[in-house]
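One letter stands for each residue in the lines below.
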Amino acid sequence: SWTGRATADLPPLWARAIDRALPSVDELQAVTAAAVASIPLPEVSVRRASVLRGLALAAGVAAAALLVGGLAFAWPVGWLVAGPLLAGGLAGGLLGVARSVREAEGRMRATAYEREVREALTATAVRVLAAPARAVLERHDRVGRALASALRPSTDRGSAPISPT
């Protein structure tokens, strides 16, 4: 675990200080769940795709109307087939484009959502895990430097180095 690596070279007293500074598993679950919940889910509906599906429906209705009208008015076979085929082809093309638009927009929204969730989780991890551990480690470092400085012979405190003669 990362806490094991962070405390591996510390004296037990300082390792326990880091353990006390960190949240419990339940607290960690709560803050990470809150971080994820703080990011709104992306919209499911894609307006451009809905408009294209509506146009495809209209083209499909037009194809049906052309077919019924052609049969009712005894249009020549060429007109009877061409009109509905063109309108039906337009409807199919519009449906294909609508699907592509919806999929592309979905991928973009999913990527943005994932990025926002990762940023929220990273900020949470830094705030509740890294920052408290870093504070203890910095305190350990300051104490270690102060002790080293206090134990080092110094001419500033009026003591002279011992002469070998």
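Because the structure is predicted, anything quoted here is derived from the model rather than measured. (Residues numbered from 1 in each chain as written. Predicted model: local features only at pLDDT ≥ 70, side-chain atom pairs only at ≥ 80, totals over all residues. Heavy atoms only, no water.)

Chemist: Could you give an account of the nonpolar core, with specific residues and numbers?
Modeler: Grouped together as the largest cluster of nonpolar side chains are nine residues: Leu 10, Trp 14, Ala 17, Ile 18, Leu 22, Val 128, Leu 129, Ala 133 and Val 136. Residue assignment for this core shows that the elements contributing at least two residues are α2 (12-21) and α5 (77-151). Sort the elements by how many residues they give to this core and α5 lands first, with four residues. Core analysis: the second largest hydrophobic core is formed by six residues, Ala 49, Leu 52, Ala 56 and Ala 98 among them. (Core = buried A, V, L, I, M, F, W, Y, C linked by side-chain atoms within 4.5 Å. Buried < 20%, exposed > 50% of the residue type's maximum accessible area, 1.4 Å probe, protein only. Helix = DSSP H or I, 4+ residues; strand = E, 2+ residues; numbered from the N terminus.)

Chemist: Break down α2 for me, with residues and values.
Modeler: Along α2, the positions that sit buried rather than exposed are Trp 14, Ala 15, Ala 17 and Ile 18. Down the axis of α2, the buried set is contained in an arc of 155°. They therefore lie on one face. Turned more than 90 degrees away from the buried face of α2 sit Pro 12, Leu 13 and Arg 20, all of them exposed. (Arc of directions from axis to C-beta.)

Chemist: Go over the pattern of salt bridges with me, naming the residues and quoting the values.
Modeler: Working definition: two side chains of opposite charge can pair if their charged atoms are close together. Here the structure, examined in full by the defined rule, presents six salt bridges. Notably, a salt bridge pairs Glu 103 with Arg 99, separated by 2.9 Å at the nearest N-O pair. With Glu 103 and Arg 99 both in helix α5 and four residues apart, the pair spans about one turn of that helix. For Glu 103, a relative accessible area of 34% gives the class partly exposed. Between Arg 109 and Glu 105 there is a salt bridge, and its shortest N-O distance comes to 3.0 Å. Within this pair, Arg 109 and its partner Glu 105 are both found in helix α5, separated by four residues, close to a single helical turn. Given the relative accessible area of 13%, Glu 105 is considered buried. (Salt bridge = Lys/Arg side-chain N within 4 Å of Asp/Glu carboxyl O.)

Chemist: Give a detailed account of the confidence of the model for the chain, specifying residues and quantitative values.
Modeler: Overall, the prediction assigns the chain a mean pLDDT of 90, with 93% of residues at 70 or greater. Mean pLDDT across the elements of the chain ranges from a minimum in helix α1 (residues 2-7), with 79, to a maximum in helix α3 (residues 25-37), with 96. (pLDDT = per-residue confidence, 0-100.)

Chemist: Requested: an account of unusual backbone geometry, with residues and values cited.
Modeler: You will see that Ala 74, though not glycine, has its phi angle at about 55°, which is positive. Among the structural elements, Ala 74 can be located in the loop between α4 (47-72) and α5.

Chemist: Outline a nonpolar patch on the surface, listing residues and values.
Modeler: Taken together, the side chains of Phe 73, Trp 75 and Trp 79 make up a nonpolar region of the molecular surface, amounting to roughly 420 Å² of accessible area. Mapping Trp 79 onto the fold places it in helix α5. The exposure class of Trp 79 is exposed, given its relative accessible area of 60%. (Patch = residues over 30% accessible without salt bridge, like charges linked within 9 Å, V, L, I, M, F, W, Y side chains within 5 Å. Areas by Shrake-Rupley, 256 points an atom, 1.4 Å probe, with all protein chains shown as cover.)

Chemist: Lay out a positive patch on the surface with the relevant residues and their values.
Modeler: Together, Arg 16, Arg 20, Arg 139 and Arg 142 make up a positively charged patch on the protein surface. Sorting the residues of the positive patch by element identifies α2 and α5 as the ones contributing at least two each. Take Arg 142: it is sitting in helix α5. Judged by its relative accessible area of 47%, Arg 142 falls in the partly exposed class. (Lys, Arg positive; Asp, Glu negative; His and termini not counted. Charge placed at Lys NZ, Arg CZ, Asp CG, Glu CD.)

Chemist: Can you lay out the side chain of Thr 124 for me, pointing to particular residues and giving the numbers?
Modeler: Within the secondary structure, Thr 124 is located in helix α5. Given the relative accessible area of 5%, Thr 124 is considered buried. Not counting chain neighbours up to four residues away, the residues in contact with Thr 124 comprise Val 31, Thr 32, Ala 35 and Leu 129. (Contact = heavy atoms within 4.5 Å.)

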